[in-house]
Structures are given as C-alpha cells and as structure tokens.
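Secondary and tertiary structure notes
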Amino acid sequence: MSAVAENPTALQIVRERIARAAANAQRPADSVNLIAVSKTQPTSAIVALAEQGQRDFAENYLQEALPKITELRERSLCWHFIGQLQSNKTRPVAENFDWVHTVDREKIAERLSAQRPFYSPALQVCVQVKLANEATKGGAIASELPSLLKAIDQLPRLQLRGLMTIPPASDDIAVQRHWFRELQVIYQSLKADFPGLDVLSMGMSADLEAAILEGSTHIRIGTALFGARQ
Ligand SMILES: *Cc1c(COP(=O)(O)O)cnc(C)c1O
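What you see is a predicted model; the values in this text were computed from it and never measured. (Residues numbered from 1 in each chain as written. Predicted model: local features only at pLDDT ≥ 70, side-chain atom pairs only at ≥ 80, totals over all residues. Heavy atoms only, no water.)

1. Comments concerning the overall build of the protein chain
Per the secondary structure count, the protein chain includes ten helices and eight strands. In terms of overall dimensions, the protein chain is globule-like: its C-alpha atoms have a radius of gyration of 17 Å, near the 17 Å expected for 230 residues. In terms of its C-alpha atoms, the protein chain occupies a principal-axis envelope of roughly 55 × 40 × 30 Å. Burial statistics for the protein chain: of 230 residues in total, 50% are counted as buried. For the protein chain, restricting intrachain contacts to residue pairs at least 6 apart in sequence, the fraction spanning at least 24 positions comes to 57%. Here the protein chain displays about 11200 Å² of accessible surface, and carbon together with sulfur accounts for 50% of that area. For the protein chain, the distance from the average site of its 25 positive side-chain charges to the average site of its 25 negative ones is 3 Å. (Helix = DSSP H or I, 4+ residues; strand = E, 2+ residues; numbered from the N terminus. Rg over C-alpha atoms; globule rule 2.2 N^0.38 Å. Buried < 20%, exposed > 50% of the residue type's maximum accessible area, 1.4 Å probe, protein only. Contact = heavy atoms within 4.5 Å. Areas by Shrake-Rupley, 256 points an atom, 1.4 Å probe, with all protein chains shown as cover. Lys, Arg positive; Asp, Glu negative; His and termini not counted. Charge placed at Lys NZ, Arg CZ, Asp CG, Glu CD.)

Dropping the structure here:
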C-alpha cells in the first residue's frame, strides 16, 4: 500500500470519490473537472491545494476574492466566480475572473462582455438555471434559456460554455439525481441550437456522486476539501 493511501489528504479523498463515481457512471475520471470553492478560506489553504496540483478555484464574494486573486497572481490559477451577480459589480468580475457560472440575465451578460479587458481571453460563461421555485435563489428559469443563450452567444467577449445549477438541498440521492437529471435534459435539448455547449456545472460536497451519475462536467467542492466554513 502506498503512503498516499494510508494517510490521504482531503484533495486525494475527493479525487478518489470522483474516480469511483465516474467509474460507476462508466465515464472516464478526467471527464469531471474539480473546482475548489475557497470562499471564507485563507490564501494559505488555497496555496496548500495549489501545491498538490489543484488549479481551479471558485469564489462567491468579490470583496473577499479580489485580494486573494491579487496575492496569488504569480501562481496562474484559474478563477471561477460563482456568487450572485449584481449589475453594478460586473466590472471587477470581468477584469479578474476566467469564468462566471452565475449569469442569469441579458443585462449582466452585456456588461460583462463590454467590460472584459481587450488583453484577456474571452470570459467563459455558464448560465445559472433555477429548477425549483425558490424565491431567494438566483438563476434563469428554463423558458428564458433559449433567448438568453442566444444573446450571450452573440456577445464578442463572452464564450458560452454551459449551464449551472444549485438544486434544493436534500440528502436523498434519488432526489439529488432528479434535479441533476432535469438540468441534463435541458442541456441536451439546448445543444441542438448551441452545439458549442460542453459544460454542466453541478454537484457540491454532499451530492457530487449524484451529479457525476447525471453527467456533471464541473463539480464545485468547498467543505470536502477545506473543512466546514465559519
Ligand atoms: C459554497 C458553494 C459551493 C460549495 O459547497 P460545499 O457544500 O461546501 O461543497 C458550491 N457552489 C456554490 C455556488 C457555492 O456557493
């Protein structure tokens, strides 16, 4: 037995969960991308994961994220914005992040495209979809998606990649799979008109297995990598 198996790090344990879930879904393990959600975590915790080869990190709050991104600039990490987006806060997102997973209306998309610096590659964009009728959650509803995706597709500085969702919390794997399958079905139906779609951003610490079974390509993991948040 290797030293790794005897005393695995949190990152190794999560990678193992991904590999097992992918095998159960008869998918290659490298078809699932791991995004480490570092909200509330200090830069030292991000560095510890980066030293183990983790490259993708996600943040929810701009005030917290911007100093971390600046401090870690030399490490060339890939930064994902996954928080709720207000239209008066789009500029720092367009200037500092590589991806945004939470675009849910045209006005936000237009501002992000207009504010994306000319020297940066196109901003990679997922549209957040609200599946259940939850008042406090962001996201476009399914019927809004065709026109929203069409608008994003035409914006010069955005690259439309896929769909993202945060389903209602449940510890029942059948319920978890129900919501993820719903997003998968919507995604497949949109692919006819938007063949470039290649990202399903779904699955967190408590439901990554269900998400991978339903075809997730990007899981967003916080607690399982860093421990509980304050
Ligand atoms: C905090 C957060 C996560 C990570 O959640 P965990 O349960 O800690 O893995 C994933 N996605 C979004 C949008 C989040 O806000």
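Structure's up, so let's keep going.
2. Structural notes on helix α6 (residues 106-115)
When we look at burial in α6, the residues that qualify are I108, A109, L112, S113 and Q115. Buried residues belonging to α6 abut α5 (90-96), β4 (99-103), β5 (123-128), α7 (145-153) and β6 (158-164).

3. Points about the site of the ligand
Every one of the 13 residues lining the ligand counts as a neighbour, but K39, N60, S205, T223 and R229 are closest to it. At a separation of 2.7 Å, an oxygen atom of the ligand approaches a polar side-chain atom of K39. Between an oxygen atom of the ligand and a main-chain N or O atom of G222, the distance comes to 2.8 Å. Alone, the ligand offers 390 Å² of accessible surface; in the complex the protein occludes 89% of this. Residue composition of the shell around the ligand, grouped by class: six nonpolar, four polar and three charged. (Near = heavy atom within 4 Å. Polar contact = N/O pair within 3.5 Å; in protein donor to acceptor, adjacent residues only side chain to side chain. Nonpolar A, V, L, I, M, F, W, Y, C, P; charged D, E, K, R; others polar.)

4. Topic: helix α4 (residues 62-71)
Of the positions making up α4, those classed as buried are L62, A65, K68 and I69. One face of α4 carries all of its buried residues, which in axial projection span an arc of 135°. Turned more than 90 degrees away from the buried face of α4 sit Q63, T70 and E71, all of them exposed. The elements touched by buried residues of α4 are α3 (43-50), β2 (56-59), β3 (78-81) and α5. (Arc of directions from axis to C-beta.)

5. Focus: unusual backbone geometry
Among all residues except glycine, the phi angle is most often negative; among peptide bonds, the trans geometry is most common. Not every positive phi belongs to a glycine, and T40 is a case in point at roughly 70°. Along the polypeptide, T40 turns up in the loop between β1 (33-37) and α3. For S76, which is not glycine, the phi dihedral falls at a positive 50°. Considering the arrangement of structural elements, one finds S76 in the loop between α4 and β3.

6. Some details on the nonpolar core
When a protein is soluble and globular, its nonpolar side chains tend to lie buried together. F57, L112, V127, L149, I152, L163 and L225 are the most contacted members of the largest nonpolar core, which has 62 residues in total. With six residues, helix α8 (residues 173-191) is the single largest residue contributor to this core. The next biggest cluster of nonpolar side chains, apart from the first, holds five residues, and it includes C78, W99, C126 and V199. (Core = buried A, V, L, I, M, F, W, Y, C linked by side-chain atoms within 4.5 Å.)

7. Thoughts on the pairing of β6
Among the seven residues in β6, six count as buried, and that is most of the element. The handedness of the β5 to β6 crossover, carried by α7, is right-handed. In terms of handedness, the path from β6 via α8 over to strand β7 (residues 199-201) forms a crossover that is right-handed. (Right-handed = clockwise from strand over helix to strand, strands pointing away.)

8. Re the side chain of R116
Inspection of the secondary structure assignment puts R116 in the loop between α6 and β5. Excluding its chain neighbours within four sequence positions, the residues that come into contact with R116 are A94, F97, D98, P121, A122, L123 and R157.

9. Topic: the packing of aromatic side chains
For the structure shown, the criterion picks out three aromatic pairs. Between F57 and W79 the ring centres are 5.9 Å apart and the planes differ by 40°, which places this aromatic pair in the tilted class. One end of the pair, F57, is in strand β2; the other, W79, is in strand β3, and 22 residues separate them in sequence. The two residues F57 and W79 agree in class, both being buried. (Phe/Tyr/Trp six-rings, centres within 6.5 Å; stacked < 30°, edge-to-face > 60°.)

Treat this as a map of the structure, not an account of what it does.
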